[in-house]
Protein chains: 2
Amino acid sequence: MKFSPLFWPIELRGNTIYILDETLLPHKVKYIKAKNYREAIKAIKDMKTRAVGQVILVFYIFLMAIKKNKNKKDIKPVLFELAEIVNCARPTLSFKYLTDMILGWAVSGAPLEESILGFLEVLKNKRIEQARAMSERLNDGDSILTHCNISGQMPLVGVFARKANKKIKFFATETRPYLQGSRLTAWELQKFGFDVTLISDNMAAQVMYEKKINKVIVGADHLAQNGDIANKIGTYQIAILAKHFNIPFYVLCPPPSHAKTGKDIAIEVRPEGELLEYQGVKLAPKGAKGYYPAFDVTPNNLITEHNYLEINRD
Amino acid sequence: MKFSPLFWPIELRGNTIYILDETLLPHKVKYIKAKNYREAIKAIKDMKTRAVGQVILVFYIFLMAIKKNKNKKDIKPVLFELAEIVNCARPTLSFKYLTDMILGWAVSGAPLEESILGFLEVLKNKRIEQARAMSERLNDGDSILTHCNISGQMPLVGVFARKANKKIKFFATETRPYLQGSRLTAWELQKFGFDVTLISDNMAAQVMYEKKINKVIVGADHLAQNGDIANKIGTYQIAILAKHFNIPFYVLCPPPSHAKTGKDIAIEVRPEGELLEYQGVKLAPKGAKGYYPAFDVTPNNLITEHNYLEINRD
């Protein structure tokens, strides 16, 4: 099976973590070499990697620490300290949920390297299964609107649909300001030979009105226990529009976190500079003010179906 | 009274039309010199000028033709031919509505230069009055979301509100792909000392949800007889969102055209290149496909109040 480079954007080789630099895509496929947890966490903060990349990276950060501290009698204090740091990397994805898993293994005395590698293997397989399950909801001739980037799962959904002789096509919002839609989603869907059309974020209602799309599929960075999801800014308004036009709205979700509802999920506000400038080109007048909430919460009642990633964290 | 340069972006001096090049804003305030109607129409097609700039320019194109053909016994054939060309400049704004006015004057034997200059004077005064009337709907403390650019009327609304001791602030969508919100609206509001915050087009629902804004004001390129409006792409979805969040949605409109409903208004589709590249920076992978409808139609039932430009075309 072939995957998008975004499906598994992190590798650990020896004592170096290789991180696909998503800020350089689609023009360059280049990996950052992180030699320690500081460099790895910086890659998260700078959005060099995002979405599932962050999840995989957390496990490799711990794996690296475990390898480096192999001779310590008790590694737990190292891991607890590292968890504190990792948890603060970015607010909206639940890093604590991930580090709690690892600390749980450490406390229970489970073999740490095996637990981490085993978990990553399960994660990979469950994500493939999640894409396959999603593809079953699709019909021949469907046209799917997607937003941001679901870390390589969208081409997989398409590949499974293609195997079942369903012809589907895609519309992708460009997803300002980081342009995940243009730079990542359109790029990976093109690589797999799918028909994909980019629109700017303000065209979603129009393509719905013109019936150019008939389903919406998005990912989620965070799933609360009541079914609310947090995902890239703009997801919420697409869900409201889909409801208005009576278009099914599907979400590929991680497992539910500790958050009871969407109100318990912190929304990251990023520096306004990322909105007012792009690749060195000034997009706004000098002294302009911007507001950049990086995520929003889509309430459960706007979601037609959650496609859960079924992973037991224990 | 001081105006934004966008309020009256066209001047005729001698036989040259000076057209504010809105593509260079906010970094440069520069005027294109059009010596003939071809150069002037090219400025419309290339979106060097837009919105009310196009309206004023049409009248100056005819005024220039009238001056150049002063010695012709019957100027009507020249004007009818010119109208045919002007009507095709861009589809969504009703150029025919404007050229029909001028041809009407020509056929009825009205003094042409005086009619055109008289109309432009009325247009200017009525637009000021329209902004004043809009300001009366505002309350102290209001925070207004706007989209695209209303050709200098937004700062005027603010100035009238300020005179009435109402403190108001603004949120502006950047309005991809042409960035009228960042480049024009934020710029002119800043110049008049207003508090203005830029957001990307996918943040509208979030600022509504967070109650950062409590009113929406947009312009319109076209008003149909049933109250449907055509305006910059993205207006429609903001109207749906405003309805969802129960936020009043105001429109500064031109007079109604010949179109019975929004369905009679042609939606211009512009070249995908304008979406996939910005100022020479590639925003998407090589070979990517884009769809760029430049306008959308907001149905009457989503509009709280139309602020009409009351001009009698006869």
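Predicted model only: the values in this text are computed from it and were never measured.

Caption draft 1: Layout of the sheet that holds strand E6 (residues 196–199) of chain B. The sheet built from 7 strands is open, its strands ordered E13(A)-E6(B)-E5(B)-E4(B)-E7(B)-E10(B)-E15(B) with parallel pairing. Each edge of the open sheet is held by one strand with a lone partner, namely strand E13 (289–290) of chain A together with strand E15 (305–308) of chain B. Where strand E10 (residues 249–253) of chain B and E15 of chain B come together, 4 bridges link them in parallel fashion. Bridging from a neighbouring strand, Val 251 of chain B pairs with His 306 of chain B of E15 of chain B. The strands touched by helix H7 (residues 180–191) of chain B are strand E4 (143–146), strand E5 (169–173) and E6 of chain B; relative to E6 of chain B, the strand with the most contacts, the crossing angle is about 170 degrees.

Caption draft 2: Representation of the interface of chain A and chain B within the structure. Counting from both sides, the interface comprises 44 residues of chain A and, opposite them, 44 residues of chain B. Residue assignment for the side of chain A that touches chain B shows that the elements contributing at least two residues are helix H7 (180–191), strand E6 (196–199), helix H8 (204–209), helix H9 (235–244), helix H10 (273–276) and E13 of chain A. Sorting elements by how many residues they give to the side of chain A that touches chain B places H9 of chain A first, with 5 residues. A class-by-class count of the residues in the side of chain A that touches chain B yields 25 nonpolar, 14 polar and 5 charged. Here E13 of chain A pairs with E6 of chain B via 2 bridges, running parallel. What sits directly across from Lys 289 of chain A, in E6 of chain B, is Thr 197 of chain B.

Caption draft 3: Region of the structure containing the packing of helix H3 (residues 76–87) of chain A against helix H4 (residues 95–108) of chain A. Residues and elements named next belong to chain A. For the pair H3 and H4, interaxial distance at closest approach is 9 Å and the crossing angle is 175 degrees. Classified by the interaxial angle, the pair formed by H3 and H4 is roughly antiparallel. Two secondary-structure elements touch here, H3 through Lys 76, Leu 79, Phe 80, Ala 83, Val 86 and Asn 87 and H4 through Phe 95, Lys 96, Thr 99, Ile 102, Leu 103 and Ala 106. When the residues that make up the contact of H3 with H4 are grouped by side-chain class, the tally is 8 nonpolar, 2 polar and 2 charged.

Caption draft 4: View of the pairing of strand E14 (residues 295–298) of chain A. All names here are of chain A. Neither face of E14 is open: one carries Phe 295 and Val 297, the other Asp 296 and Thr 298, and all of them are buried. With 4 bridges joining them, strand E9 (residues 229–232) and E14 adopt antiparallel strand pairing. Among the inter-strand pairings, Ala 230 is bridged to a residue of E14, identified as Val 297.

Caption draft 5: Broad picture of the relation of the copies chain A and chain B. If you rotate chain A by 180 degrees and push it 0.0 Å along the axis, it lands on chain B with an RMSD of 0.0 Å. In short, the pair behaves as if placed about a two-fold rotation axis. When each C-alpha of chain A is compared by its distance to the rotation axis, Asp 201 of chain A comes out closest, at 2.9 Å. When the interface residues of chain A are mapped onto chain B, 98% of them are again interface residues, pointing to one common binding face.

Caption draft 6: The arrangement of the domain arrangement of chain A in detail. Residue and element names in this part refer to chain A. According to the domain assignment, chain A consists of domain 1 (10–125) and domain 2 (139–308). If you average the C-alpha positions of domain 1 and of domain 2, the two centres end up 25 Å apart. Between domain 1 and domain 2, the residue contacts involve 13 residues of the former and 18 residues of the latter.

Caption draft 7: Summary view of the confidence of the model for chain A. Predicted confidence across chain A gives a mean pLDDT of 96, with 99% of residues reaching 70 or more. Interface confidence for the predicted complex, given as ipTM, is 0.96, next to a pTM of 0.96.

Caption draft 8: View of the environment of Thr 304 of chain B. All names here are of chain B. By the element assignment, Thr 304 lies in the loop between strand E14 (295–298) and E15. Overall, the presence of 15 C-beta atoms within 10 Å leaves Thr 304 in the partly exposed class. Counting along the chain gives 56 residues from Thr 304 to Pro 248, while the straight-line C-alpha distance between them is 5.6 Å. Filtering out sequence-adjacent residues up to four positions away, Thr 304 remains in contact with Pro 248, Phe 249 and Tyr 250.

Caption draft 9: Structural view of the sheet that holds strand E13 (residues 289–290) of chain B. With parallel pairing, 7 strands are arranged side by side in an open sheet as E15(A)-E10(A)-E7(A)-E4(A)-E5(A)-E6(A)-E13(B). Unpaired on one side and paired on the other, strand E15 (305–308) of chain A together with E13 of chain B mark the two borders of the sheet. Running over the sheet, H7 of chain A touches strand E4 (143–146), strand E5 (169–173) and E6 of chain A and is turned about 170 degrees from E6 of chain A.

Caption draft 10: Region of the structure containing the environment of Asn 15 of chain A. Residue and element names in this part refer to chain A. You can see Asn 15 is positioned in the loop between strand E1 (10–13) and strand E2 (16–20). Exposure remark for Asn 15: the 11 C-beta atoms within 10 Å place this residue in the exposed category. Every residue in contact with Asn 15, bar those within four places of it in the chain, is listed here: Lys 35, Met 64 and Lys 67.

Caption draft 11: Geometry of unusual backbone geometry. Looking along the chain, the bond that leaves Arg 176 of chain A and enters Pro 177 of chain A is cis, with omega of 0 degrees. Structurally, the position occupied by Pro 177 of chain A is in the loop between E5 and H7. With an omega of 0 degrees, the peptide bond between Leu 25 of chain B and Pro 26 of chain B qualifies as cis. Following the sequence through the fold, Pro 26 of chain B ends up in the loop between strand E2 (16–20) and strand E3 (31–34). You will see that Asn 246 of chain B, though not glycine, has its phi angle at about 60 degrees, which is positive. Looking at the secondary structure, you find Asn 246 of chain B in the loop between helix H9 (235–244) and E10.

Thresholds applied
- Residues numbered from 1 in each chain as written.
- Chains lettered and ligands numbered in written order.
- Predicted model: local features only at pLDDT ≥ 70, side-chain atom pairs only at ≥ 80, totals over all residues.
- Pairing = 2+ DSSP bridges.
- Helix = DSSP H or I, 4+ residues; strand = E, 2+ residues; numbered from the N terminus.
- Contact = placed C-beta atoms within 7 Å.
- Axes fitted to C-alpha atoms, helices over the stretch in contact; angles between N-to-C directions.
- Nonpolar A, V, L, I, M, F, W, Y, C, P; charged D, E, K, R; others polar.
- Parallel < 35°, antiparallel > 145°, perpendicular 65-115°, else oblique.
- Buried ≥ 20, exposed ≤ 12 C-beta atoms within 10 Å, placed from the backbone.
- Least-squares fit on C-alpha atoms with pLDDT ≥ 70 in both.
- Domains from an automatic or database assignment.
- pLDDT = per-residue confidence, 0-100.

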